[in-house]
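# Tertiary structure, described
So you can see what is in the structure, the chains are spelled out below.
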Amino acid sequence: MTINLKNHALDEFCAVVRPFGLSEPAARRLFAHLFAHGREQVEGVRGVSPRALERLLAAAELPRLLLERRHVSPTDGFTKYLFRTRDGGRIESVLIPLPAQGGPNQRRPGTAEKRPIGHYTMCISSQVGCPLACDFCATGRMGFARNLETWEIVDQVLQVRAEAPLPVRGVVFMGQGEPFLNYDHVIRAARILSSPAGLGIAAKAITISTAGIAPAIRRYARERWKFRLAISLTAAQTDKRRLLMPIEKKYDLRELMAAVREYAATTTQRVMIEYVAMRGINCSVEDARALGALLAGLKVRFNIIEVNDAAGIYVPPTPDELARFRAALAEHLHQPVVRRYSGGQDVHAGCGMLAAFGATP
Ligand code: SF4
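This structure is a prediction, so every number in the text was calculated from the model and none was measured.

## Re the side chain of His-119
Locating His-119 in the fold gives a position in strand 6 (residues 117-123). Excluding residues that lie within four positions of it along the chain, His-119 makes contacts with Ile-96, Pro-97, Leu-98, Pro-99, Leu-166, Pro-167 and Arg-169.

Next comes the structure, spelled out in structure tokens:
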């Protein structure tokens, strides 16, 4: 069987290449060559026996996703990438520019001035499409094909990093797919991304966002990974959430929040709560009150993301509605609330818009 050299975290990688005569230090050098330096030309890696390497390469492969298209937003520099998998699947990633001082790379209000970019973060996919069919999400409307393999997740970052003019310092699993339905590959990919011999991205700068796969949240809590966990909540009442996020029928809010509380007990970090805000749907004072009750006693950071629905079925809250909602959250939630900038909307790169370029103008 052909060995895929991009499919293994460092410990597994050392074990896989050992039978070909690579010592552990040599295996580490080869791993760093592939992931830290992103080099796929592996002949002549310093400190690795050429004969052992030759034997390994005769049995191994280094596959790549095919980069088909990229669209750069003229508004904010977000760049959407379309990759094709070997079996013809189409997945997307987004390169997100961030200024050196943090926060989005938007123009300052009332000025034409943009802050200089300091580094990038990336939004990546974990599945081809998504089976969860959230009603407000373009990916959910495109259906589901399959889970991505570890290398297909990591290769998105490798290829985009190779052409980014500044370092990629963070990754969010918020592209196509539900990461916790592809748990093993996602965790292994996050380990490669965060390994100092791999891509060297700090574990706390890697965020895994789940729509609420309760058993996987419990497993994640037990395994004590240091990556950040985000919960896509979007409604605090079961009836409402069922209509917006069908996963609620399988793992309802009661079960989801029990799992989240188990996770919260294992970490000092605030749990990130993602809330897709929609006009007339989930931004009332009553919603804020329900959120206060649901999240009582948990340390959270509450991120509001205004809906991006290219189909126009859902629209963002009006400024007044949002202001009233935020005032009600201040009264009932008593936790940090952040309005998250979801950029690249003009190239359909915003949250919830990744549909394999299907809707791109
Ligand atoms: S919001 Fe996330 S979980 Fe829901 S359908 Fe879209 S990609 Fe899937």
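## Some thoughts on the environment of Val-154
Considering the arrangement of structural elements, one finds Val-154 in helix 5 (residues 150-163). In this structure the C-alpha to C-alpha distance between Val-154 and Leu-5, which are 149 residues apart in sequence, comes to 12 Å.

## Re the side chain of Gln-159
When you line up the elements, Gln-159 lands in helix 5. Polar side-chain contacts of Gln-159 include one of 2.7 Å to the backbone oxygen of Leu-65. Setting aside residues up to four positions removed in sequence, Gln-159 forms contacts with Arg-64, Leu-65, Leu-67 and Phe-83.

## Some points on the sheet that holds strand 11 (residues 228-232)
The sheet built from 10 strands is open, its strands ordered 3-4-5-6-9-10-11-12-13-14 with mixed pairing. Edge strands, defined here as strands with exactly one partner in the open sheet, are strand 3 (66-72) and strand 14 (337-339). Between one strand and the next, the sheet's axes are offset by a mean angle of 25°, whatever the strand orientation. In this structure, strand 5 (residues 90-99) lies alongside strand 6, joined through 6 bridges in antiparallel fashion. Bridge pairing links Ile-96 to Thr-121 in strand 6. Against the sheet, helix 6 (residues 183-194) contacts strand 9 (168-173) and strand 10 (206-210), and its axis sits at roughly 165° relative to strand 10.

## Notes on the packing of aromatic side chains
For the structure shown, the criterion picks out 9 aromatic pairs. Summarising the aromatic geometry, the rings of Tyr-81 and Phe-83 are spaced 6.4 Å apart at their centres and angled 15° between planes, so their arrangement reads as stacked. In this pair, the class of Tyr-81 matches that of Phe-83, namely buried. Seen in terms of ring centroids, Phe-180 and Tyr-183 are 5.3 Å apart; in terms of plane orientation they differ by 40°. Their pairing is tilted. There is no split in this pair, since Phe-180 and Tyr-183 are both buried. Within the aromatic cluster, the residues linked to one another by ring pairs are Phe-180, Tyr-183, Tyr-220 and Tyr-263.

## Some words on the nonpolar core
One finds Phe-136, Phe-173, Leu-295 and Phe-302 to be the most contacted residues of the largest nonpolar core, which totals 108 residues. Not counting residues up to four positions away in its chain, the partners in contact with Phe-173 are Ile-124, Ser-126, Ile-153, Pro-179, Val-186, Ala-190, Leu-193, Ile-206, Thr-207, Ile-208 and Ser-209.

## What about empty space enclosed by the protein?
Gaps left between atoms are located by rolling a probe of water-molecule size over the structure's atoms. Summed over the entire model, instances satisfying the criterion amount to 1 cavity of 30 Å³ or more. For the largest cavity, the calculated volume is near 450 Å³. The wall of the largest cavity is formed by 29 residues, among which Phe-136, Cys-137, Met-174, Gly-175 and Ser-232 lie closest to the centre. Every element with two or more residues in the lining of the largest cavity is listed here: helix 4 (138-142), strand 10, strand 12 (271-277) and strand 13 (300-306). Classifying every residue of the lining of the largest cavity gives 16 nonpolar, 9 polar and 4 charged.

## Some points on the site of the ligand
The ligand sits among Cys-130, Leu-132, Ala-133, Cys-134, Cys-137, Gly-140, Gly-175, Gly-177 and Ala-211. When atoms are counted within 2 Å of each cavity's grid points, the one that captures over half of the ligand is the largest cavity.

## A closer look at unusual backbone geometry
Leaving glycine aside, a negative phi is the common case for residues, and trans is the common case for peptide bonds. The phi dihedral of Arg-224 is positive, around 55°, even though this residue is not glycine. Inspection of the secondary structure puts Arg-224 in the loop between helix 7 (214-223) and strand 11. Phi angles above zero are rare outside glycine, and His-334 is one such case at about 55°. Tracing the backbone shows His-334 in the loop between helix 11 (319-332) and strand 14.

## Some words on the pairing of strand 3
Successive residues of a regular strand alternate their side chains across the two faces of the sheet. Of the pairings in the sheet, the one linking strand 3 to strand 4 (residues 79-84) comprises 6 bridges and is antiparallel in character. Looking at the pairing, Arg-70 lines up with Tyr-81 of strand 4. Where strand 3 folds back on strand 4, the antiparallel hairpin that results is connected by 6 residues, among which Gly-77 adopts a positive phi of roughly 80°.

Definitions and cut-offs
Here the residue index of a chain counts from 1 through its sequence in written order. Only residues with pLDDT of 70 or above have their local features reported here, since the model is predicted, and side-chain atom pairs are shown and tallied only from 80 upward, although totals for entire chains, interfaces and linings are computed over all residues. Hydrogens and water molecules were not included; the side-chain quantities draw on all heavy atoms of the structure. Segments assigned H or I by DSSP are reported as helices when at least four residues long, segments assigned E as strands when at least two residues long, and all are numbered from the N terminus. The contact definition used throughout considers only heavy atoms, calling two residues in contact when any of these lie within 4.5 Å. Polar contacts, as counted here, are pairs of nitrogen or oxygen atoms within 3.5 Å of one another; within protein the pair requires one atom able to donate a hydrogen and one able to accept it, and residues that are adjacent in sequence qualify only if both atoms are side-chain atoms. By this definition, two strands are paired if DSSP reports at least two bridges between them. Between the N-to-C directions of two axes lies an angle of 0 to 180 degrees, each axis being a line fitted to C-alpha atoms and, for a helix, fitted only over the stretch in contact. Pairing of aromatic side chains requires ring centres within 6.5 Å, counting the rings of Phe and Tyr and the six-membered ring of Trp. Pairs whose planes differ by under 30 degrees are stacked, by over 60 edge-to-face, and all others tilted. Remark: exposure states derive from per-residue accessible area (1.4 Å probe, protein chains only) relative to the maximum for the residue type, with buried under 20%, exposed over 50%, and partly exposed in between. In this description, a nonpolar core means a group of buried Ala, Val, Leu, Ile, Met, Phe, Trp, Tyr and Cys residues linked to one another through side-chain atoms lying within 4.5 Å. Any residue with an atom within 4 Å of a point lines the site, the site being either a cavity, points on a 1 Å grid over the protein atoms alone where a 1.4 Å probe fits but cannot get out, or a pocket, an open set with protein on both sides within 12 Å along at least 5 of 7 lines. Grid points are joined across faces, edges and corners, and a volume is the space filled by probe spheres set on the points. Residue type decides the class: Asp, Glu, Lys and Arg count as charged, Ala, Val, Leu, Ile, Met, Phe, Trp, Tyr, Cys and Pro as nonpolar, and the leftover types, Gly among them, as polar. For this purpose, a residue is taken to be near a molecule or strand whenever a single non-hydrogen atom of the residue falls within 4 Å of it. What decides whether a molecule sits in a cavity or pocket is whether more than half of its atoms lie within 2 Å of the grid points.

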